[in-house]
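Residue-level listing of the chains:
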Amino acid sequence: MPDTTTLAPVSPLSHRLLAMNESATIAMVKKARELMAKGIDIINLSFGEPDFQTPQYIKDAAKQALDDGYTFYTPVPGIPELRQAICDKFKRDNQLDFQPNQIVVSTGAKQALANAVLSLVNPGEEVIVFAPYWVSYEEMVKLAEGVPVTLVGTLENEYKVTAAQLEAAITPRTKLIMYSSPCNPTGAVFSREELGEIAEVLARHPQVYALADEIYEYINFVGEHASLAHFEAIKDRVITVNGFSKGYAMTGWRLGYLAARQDIAAACEKMQSQITSGTCSIAQRAGLAALRGGRSSADEMVAAYRRRRDLVLDIVKDIPGFNTPTPSGAFYIFPEVSAYFNRLAPDGSTIATSMDLALYLLNDAHVSAVSGDAFGAPECMRFSTAAADDKLVEAFRRIKASLAKLG
Ligand SMILES: Cc1ncc(COP(=O)(O)O)c(C=O)c1O
């Protein structure tokens, strides 16, 4: 019998869980909230959340749904009217043809992404994640016991991965690629031409699927939104994810969806049926109203996001060492900040990493941002521009002053 009293305690937690990192965005928000609870005036630019209220007509539909008694379980992949409305939206906005049985409505786009990863990826299979990436992609791949392969776009190409880079990264073990366009965190938008080149690469590798995250579709300052599912030769291998959080300012409602080949959609439905079932009945009625109302409410918000982007870019161009590409969509700026590494803070500590810099800005400027490590770009930092104009001006004034104190 081993003497168990002398053995180090073994964690009861699964290897799968232990291999996963906590969401860095959520961790930073937690730190910011702790300081706010102490009465410190923190400007929070770390969250990926619209600062707009959900449009009134959508709220009204939710109230009506309650009054009409929509309080029961729904079908796992969503109510039929909403699945049809999502098909209509794909047709209207993206010229894509889907049948309702190809749509799975989920608890946020996040669950749609997780459903797809867990349904497709076997242990040991490689998933090519275009970087800078959204924080949860690689952690979802690890949860599926897949192997994340990070493919980093260059600053010169607005951080967009090229078809040639993709071709070079594909191996016989590659199962999936994952990316967002418009991209969180960089705001880069793939053009139809660029996606066409990526589609050509995928056409040569029939074992590779693509998870296209289009959650920021409506928050686009360059006009055209292109979908990978548009390309005939590979459309059956593309899973398109979208949702209501960003375009309709509905983060708290937890409503997203995916569209995929019917057998893949059925697999995602099966996955969801054992974990959460159909998402909230009231949120689904609200989502139906949102889609039927078109996208004009989103267009109003986009005008504000564009104005704020321009406002912030105008300020940061005067901050030395902030190398900031112009975002074409979403609501973030993602400067390259490595000029501040190996500098001395007023307390004598050295700023070695983007995380050190984020913590310094939180404690000194009282502005919270997220270090680039969480996005696969350790020399960068993400600032949300989804805040009121005066808050943004004040935040970057403080940041500039704090950075100027570094020795
Ligand atoms: C790129 C990206 N995909 C997916 C999501 C998740 O969206 P949802 O709130 O619908 O789960 C987010 C949210 O921040 C995101 O930025």
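Residues numbered from 1 in each chain as written. Predicted model: local features only at pLDDT ≥ 70, side-chain atom pairs only at ≥ 80, totals over all residues. Heavy atoms only, no water.

Asks: Sorry, what's going on with the overall build of the protein chain here?
Replies: On a plain count of helices and strands, the protein chain comes out with 13 helices and 14 strands. If you line up the protein chain on its principal axes, its C-alpha atoms span 65 × 60 × 50 Å. A total of 407 residues make up the protein chain; the buried ones form 55% of that total. Contacts spanning at least 24 positions in sequence make up 74% of the contacts within the protein chain whose residues lie at least 6 apart. Surface accessibility of the protein chain: about 17,400 Å² in total, with carbon and sulfur atoms responsible for 55%. Charge separation in the protein chain, taken as the distance between the mean sites of 39 positive and 47 negative side-chain charges, equals 3 Å. (Helix = DSSP H or I, 4+ residues; strand = E, 2+ residues; numbered from the N terminus. Buried < 20%, exposed > 50% of the residue type's maximum accessible area, 1.4 Å probe, protein only. Contact = heavy atoms within 4.5 Å. Areas by Shrake-Rupley, 256 points an atom, 1.4 Å probe, with all protein chains shown as cover. Lys, Arg positive; Asp, Glu negative; His and termini not counted. Charge placed at Lys NZ, Arg CZ, Asp CG, Glu CD.)

Asks: In this structure, what is going on with the sheet that holds strand E9 (residues 332-333)? I would like to understand it.
Replies: Strand pairs in the sheet, formed through backbone hydrogen bonds, run parallel or antiparallel to each other. Spatially, the three strands line up as an open sheet ordered E9-E14-E13, and their pairing is antiparallel. A single partner strand is all that each edge strand has here, and the edge strands are E9 and strand E13 (370-371). In this sheet, strand E14 (residues 381-384) lies alongside E9 in antiparallel orientation, the contact comprising two bridges. Note that in E14 the partner of Tyr-332 across the bridge is Ser-384. Against the sheet, helix H12 (residues 354-365) engages E13 and E14, with an angle of about 40° to E14. (Pairing = 2+ DSSP bridges. Axes fitted to C-alpha atoms, helices over the stretch in contact; angles between N-to-C directions.)

Asks: What is the right way to look at the state of the cysteines in this model?
Replies: A covalent bond between the sulfur atoms of two cysteines is what we call a disulfide. Taken as a whole and assessed by the stated rule, the structure comprises zero disulfides. Summary of cysteine pairing: Cys-380 is not part of a disulfide, and the nearest cysteine sulfur, belonging to Cys-183, is at 11 Å. Judged by relative accessible area, Cys-380 falls into the buried class, the value being 0%. (Disulfide = S-S within 2.5 Å.)

Asks: Sorry, what's going on with the nonpolar core here?
Replies: Generally speaking, soluble globular proteins have nonpolar side chains that are buried together. One finds Phe-383 and Phe-396 to be the most contacted residues of the largest nonpolar core, which totals 83 residues. Broken down by element, this core gets its largest block of residues, seven residues, from helix H5 (residues 108-120). Residue-level mapping places this core at the junction of two domains, with at least three residues from each of domain 1 (4-53 + 297-404) and domain 2 (56-294). Not counting chain neighbours up to four residues away, the residues in contact with Phe-383 comprise Leu-45, Phe-322, Phe-331, Tyr-332, Ile-333, Pro-335, Leu-361, Ala-369, Phe-396 and Ile-399. Core analysis: the second largest hydrophobic core is formed by 52 residues, Ile-177, Leu-288, Ala-290 and Ala-298 among them. (Core = buried A, V, L, I, M, F, W, Y, C linked by side-chain atoms within 4.5 Å. Domains from an automatic or database assignment.)

Asks: Is there a simple way to think about the UniProt feature "domain: Aminotransferase class I/classII large" (unreviewed entry) in the protein chain in this case?
Replies: UniProt records the feature "domain: Aminotransferase class I/classII large" (unreviewed entry) for residues 41-395 in the present numbering. The distance from the first to the last C-alpha atom of residues 41-395 is 11 Å, and the span holds 37% helix and 15% strand. (UniProt positions renumbered as here; feature names shortened; annotations may be inferred.)

Asks: What exactly am I supposed to notice about H5 here?
Replies: Owing to its 3.6 residues per turn, the α-helix aligns residues three or four sequence positions apart on the same side. Taking 1.5 Å of rise per residue, 13 residues should cover 18 Å, and H5 covers 19 Å from first to last C-alpha, within 8% of that figure. By the criterion of burial, H5 is predominantly enclosed, with 10 of the 13 residues buried. Every buried residue of H5 is listed here: Gly-108, Ala-109, Gln-111, Ala-112, Leu-113, Ala-114, Asn-115, Ala-116, Val-117 and Leu-120. (Expected span 1.5 Å × (residues − 1).)

Asks: Can you walk me through the site of the ligand in this structure?
Replies: The environment of the ligand is formed by 13 residues, the closest being Ala-109, Asn-184, Asp-213, Ser-245 and Lys-246. The separation between an oxygen atom of the ligand and a polar main-chain atom of Ala-109 is 2.7 Å. Of all the elements, H5 adds the most residues to the shell around the ligand, at four residues. For the shell around the ligand, the class distribution of residues is six nonpolar, three polar and four charged. (Near = heavy atom within 4 Å. Polar contact = N/O pair within 3.5 Å; in protein donor to acceptor, adjacent residues only side chain to side chain. Nonpolar A, V, L, I, M, F, W, Y, C, P; charged D, E, K, R; others polar.)

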